[in-house]
Amino acid sequence: MTTTPTSGTSSLKTYREAINDALRQEMRRDPTVIILGEEVSGGAGCAGQDDAYGGVFGVTKGLMPEFGRERVIDTPISESAIIGAAAGAANNGLRPVAELMFFDFIGVCFDQIFNQAAKFRYMFGGKARTPMVIRGTVGAGWRAGAQHSNMLHPVVTHIPGLKVVMPSNAYDAKGLLIQAIRDDDPVLFLEHKIMYDLKCEVPDEPYTIPFGEAAFPRQGTDVTIVAISNMVTRAIEAADLLAKEGISCDVIDPRTVSPLDEESILESVEVTGRLVIVDEAHERCSLAADISSIVAEKGFSSLRAPIRKVTAPHAPVPFSPVLEDAYVPSVDRIVNAVRDVLGA
Amino acid sequence: MPYQPEFLLRVYRTMKTIRIFEERCIKEFEGGNIPGFVHASNGQEAIAVAACIDLTYKDIIGSTHRGHGHCIAKGCDVIGMMKEIMGKATGLCKGKGGSMHIADFDKGMIGANAIVGGGPPLCNGAALGAKTRGTKDIAMSFSGDGSANQGTVLEALNFAAVLKLPHVFIFENNGYGEGTSANYALGCDSLAERNGAFGMPSEYVDGTDFFATYEACQRAIQRARQGEGPSSIEAETVRFDGHFIGDPQLYRGKNEIADAKVNRDCLTLFRNRVLAESWLQAPDMDAIDEEVELLIASAVQEGLNAPDPDPAIDLMADVYCSY
Ligand SMILES: Cc1ncc(C[n+]2csc(CCOP(=O)(O)OP(=O)(O)O)c2C)c(N)n1
Ligand SMILES: [Mg+2]
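Keep in mind that what you see is a predicted model, and the values were worked out from it rather than measured.

A word on the packing of aromatic side chains. What the rule picks out here adds up to 24 aromatic pairs over all chains. Centre to centre, the rings of phenylalanine 102 of chain A and phenylalanine 105 of chain A are 5.6 Å apart; their planes meet at 50 degrees, and the pair counts as tilted. Each member of the pair phenylalanine 102 of chain A and phenylalanine 105 of chain A is classed as buried. When the centroid spacing of 5.3 Å and the interplanar angle of 85 degrees are considered together, the rings of phenylalanine 210 of chain B and phenylalanine 211 of chain B count as edge-to-face. In this structure phenylalanine 210 of chain B comes out as buried when scored by relative accessible area, which is 2%. When its relative accessible area of 4% is taken as the criterion, phenylalanine 211 of chain B is described as buried. By way of ring pairs, the aromatic residues Tyr3, Phe7, Tyr12, Phe210, Phe211, Tyr214, Phe270 and Trp279 of chain B are connected into one cluster. Above the plane of the ring of phenylalanine 211 of chain B lies arginine 273 of chain B, whose end atom (NZ or CZ) is 4.8 Å from the centre.

Okay, structure coming up:
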């Protein structure tokens, strides 16, 4: 159950502010929570202003002035060392939140994630605890080119021992990040960089959202749309357009892709008999393929049409704005896929 | 005269081309004509030119996210570059790369790199290619002071030393990795010394001094060509603009950039030196200034006029496997 405070104030907060809120409140509550990464404060050793960046997207701004450089640690550009230090510290009494400025940089530190941190609890016979969070930005849309725009959640979702969280709005971001920090296992917290300025009503008090519980931003009976991360916004837009034509979509946002709320997806498909999955990652060996296979296996008798996946093409993210816009799944493509499964 | 006038004019023209190219990139970015992340190298021109001016197209360079200067110094076409940076179909990489991924294999430029530390291991491979095939070609990688701390770079240094590869490692120390000072992020007092500990000749130079940098590069390049293995050069320099264009640069000292523009501008220092030594005449350099302005203005115009890629064709062109 979500532990939303029943009383207390709330305010419109951006996705960025909601994440900052979660970090600040957890750091106040628990002195073992630390942050480490590149430019998480910024200005280290410089003549000018301290806390010059607060993360290149401004997410950790203000935390170093409150908690000091001992707890908000600007690191050298050494991702393996950052992630290894976070994992080792997690085994040794801290709850580190490591930041990969762009999650694309798992390329240079993947061993520390998948072959080290992910395996400790199991491989050491249940004796190790690795309460760490890796925050990283994902996704296209910033014209940042092929090496800074990847959606690599399928890669990490494949690994046993990693929890993978992909909040699609500010409210979820705060509750899920607090949950992630309190979790005793490695959690990858993937922030879509397109969403940082999106606002919604967010409680001011701390609250948690459990992993493996989907959200239902639109309810409907004709077609199930499962959408991930930034694609939730587009799926909602598509659902609202289709609603005007009398097509009723059940939009499911899994919120965490590992663990995955299979049950909610299967229950929805039982009603609708039709499934469209929207994900900005490529299709092969992806989350979309995974959800599709789960439903084909466990919900086959409910299906009244072939499952449709709306994903990025099997190509790196191109730089040119016209190509990048064609690359990212559009509202149009979602609408067409829904029509398609309805035979409309 | 230790340097031929033609050589010095070529050096000046190349440095000036980089300077004006970067200044126009900043302007065009601010005007909304360039999308994405752009890292300008104005202030650092002397190093790119000193390192690349005597290389052939068979010599390979690998660059960084701050790569425009290296591209220009290695002979990449500035019009093709500008089109690429603007994301146009006729850009050097057909608009698919952008500023952080410009490459021109015909010119021996195997890519800017948006991954810090991505280049040096690749340049080891280029050097291994030259060594194994028995050519006298060399490879040269560019890294920053921040990049110097990336594991891939440290591995590449040792690997090059062990295999005695013809690889010149250039480290441009502009004092910052994003908004973090080099002094903070380097655990040692001297990067040059640390690199030397990998088992290769390693020098420190003032990277705002074209001549000092050129001479250090010559020594390293000669060693590489003669089969004597890798070298490292740390060249200290100044970044005139932000980490990226649009960076508010709150972390920089009050008059730091203004002072550097007066006292440590490598172009001014070059000009003063060649005039003081009577190696070149001012009018010859002024003429170059004008030509370069025109060239870059036409590059911008051609960039703006160039067609966008066509998603129906270009989005899925050059993928290895199609689904
Ligand atoms: C693996 C990786 N980590 C971090 C970054 C983000 N980043 C891009 S440039 C940069 C600073 C690089 O500093 P330096 O090597 O000194 O080069 P400079 O920007 O000064 O030219 C950082 C941290 C990246 N692109 N790749
Ligand atoms: Mg630097």
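Residues and elements named next belong to chain B. Taken together, Asp145 (OD), Asn174 (OD1) and Tyr176 (O) make up the protein donors of the magnesium ion (ligand 2), found 2.0 to 2.1 Å from the metal. Expressed as a motif, the donor residue spacing for the magnesium ion (ligand 2) is D-x28-N-x1-Y. Here the residue aspartate 145 occupies a position in the loop between strand S2 (139–144) and helix H6 (151–163), and tyrosine 176 occupies one in strand S4 (residues 176–177), the gap between them amounting to 31 residues. We classify tyrosine 176 as buried; its relative accessible area is 10%.

A few words on helix H2 (residues 45–52) of chain B. Among the 8 residues in H2 of chain B, 8 count as buried, and that is most of the element. Within H2 of chain B, the full set of buried residues consists of Glu45, Ala46, Ile47, Ala48, Val49, Ala50, Ala51 and Cys52 of chain B.

Here we take up the pattern of salt bridges. According to the stated counting rule, one finds 37 salt bridges over all chains in the structure shown. Residues glutamate 26 of chain A and arginine 29 of chain A are paired through a salt bridge, measuring 2.8 Å at the closest nitrogen-oxygen approach. Of this pair, glutamate 26 of chain A and arginine 29 of chain A both sit in helix H1 (residues 15–29), 3 residues apart, which is roughly one turn of that helix. Residue classification places glutamate 26 of chain A among the buried residues on the basis of a relative accessible area of 0%. Between aspartate 286 of chain B and arginine 271 of chain B there is a salt bridge whose closest N-O contact spans 2.7 Å. With aspartate 286 of chain B in helix H12 (residues 282–305) and arginine 271 of chain B in helix H11 (residues 266–276), this pair connects stretches of sequence that are 15 residues apart. Exposure remark for aspartate 286 of chain B: the relative accessible area of 35% places this residue in the partly exposed category. One network of salt bridges, in which partners are shared, links Asp30, Arg95, Arg129 and Asp184 of chain A.

Attention shifts here to the site of ligand 1. Around ligand 1, a shell composed of 22 residues is seen, among which Glu79 of chain A together with His65, Arg66, Ala114 and Ser147 of chain B lie nearest. Per-site note: the chains with residues close to ligand 1 are chains A and B. Contact between ligand 1 and alanine 114 of chain B: a nitrogen atom at 2.7 Å from a main-chain N or O atom of the residue. When isolated, ligand 1 has an accessible area of 580 Å², and the protein chains bury 97% of it.

So, on to the interface of chain A and chain B. On the chain B side, the residues contacting the 40 residues of chain A number 47 residues. Counting the surface lost from both chain A and chain B, the interface buries some 3500 Å², and carbon and sulfur atoms represent 66% of this. Looking only at chain A, the three residues that lose the most surface to chain B are Tyr53, Ile77 and Phe319 of chain A, adding up to 19% of its buried area. Where chain A meets chain B, there are 0 salt bridges. For the side of chain A that touches chain B, the residue count by class is 24 nonpolar, 11 polar and 5 charged.

This part takes up empty space enclosed by the protein. Residue and element names in this part refer to chain A. All chains considered together, the criterion is met by 4 cavities of 30 Å³ or more. Quantified by volume, the largest cavity comes out at close to 70 Å³. Around the largest cavity, the lining residues are Ala140, Ser149, Asn150, Met151, Leu152, Glu280, Ala281, His282, Ala315, Pro316, Val317 and Tyr327. Take the lining of the largest cavity: its biggest share by element is 3 residues, from strand S13 (residues 275–282). Of the residues belonging to the lining of the largest cavity, the class tally is 8 nonpolar, 3 polar and 1 charged. The residues that make up the lining of the largest cavity include at least three from each of domain 1 (12–203) and domain 2 (215–343). The volume enclosed by the second largest cavity comes to roughly 60 Å³. Lining the second largest cavity are 13 residues, and of these Phe57, Glu99, Arg135, Thr137 and Tyr196 sit closest to its centre.

Thresholds, definitions, all that
- Residues numbered from 1 in each chain as written.
- Chains lettered and ligands numbered in written order.
- Predicted model: local features only at pLDDT ≥ 70, side-chain atom pairs only at ≥ 80, totals over all residues.
- Heavy atoms only, no water.
- Phe/Tyr/Trp six-rings, centres within 6.5 Å; stacked < 30°, edge-to-face > 60°.
- Buried < 20%, exposed > 50% of the residue type's maximum accessible area, 1.4 Å probe, protein only.
- Lys NZ or Arg CZ within 6 Å of the ring centre and 35° of its normal.
- Donors = N, O, S within 2.8 Å, 3.2 Å for Na, K, Ca; no water.
- Helix = DSSP H or I, 4+ residues; strand = E, 2+ residues; numbered from the N terminus.
- Salt bridge = Lys/Arg side-chain N within 4 Å of Asp/Glu carboxyl O.
- Near = heavy atom within 4 Å.
- Polar contact = N/O pair within 3.5 Å; in protein donor to acceptor, adjacent residues only side chain to side chain.
- Areas by Shrake-Rupley, 256 points an atom, 1.4 Å probe, with all protein chains shown as cover.
- Contact = heavy atoms within 4.5 Å.
- Buried area = accessible area lost by both parts, 1.4 Å probe.
- Nonpolar A, V, L, I, M, F, W, Y, C, P; charged D, E, K, R; others polar.
- 1 Å grid on protein atoms, 1.4 Å probe; cavity = no way out; pocket = protein on both sides within 12 Å on 5 of 7 lines; lining within 4 Å.
- Points joined across faces, edges and corners; volume = space filled by probe spheres on them.
- Domains from an automatic or database assignment.

In short, the description is geometric, and any link to function would need to be established separately.
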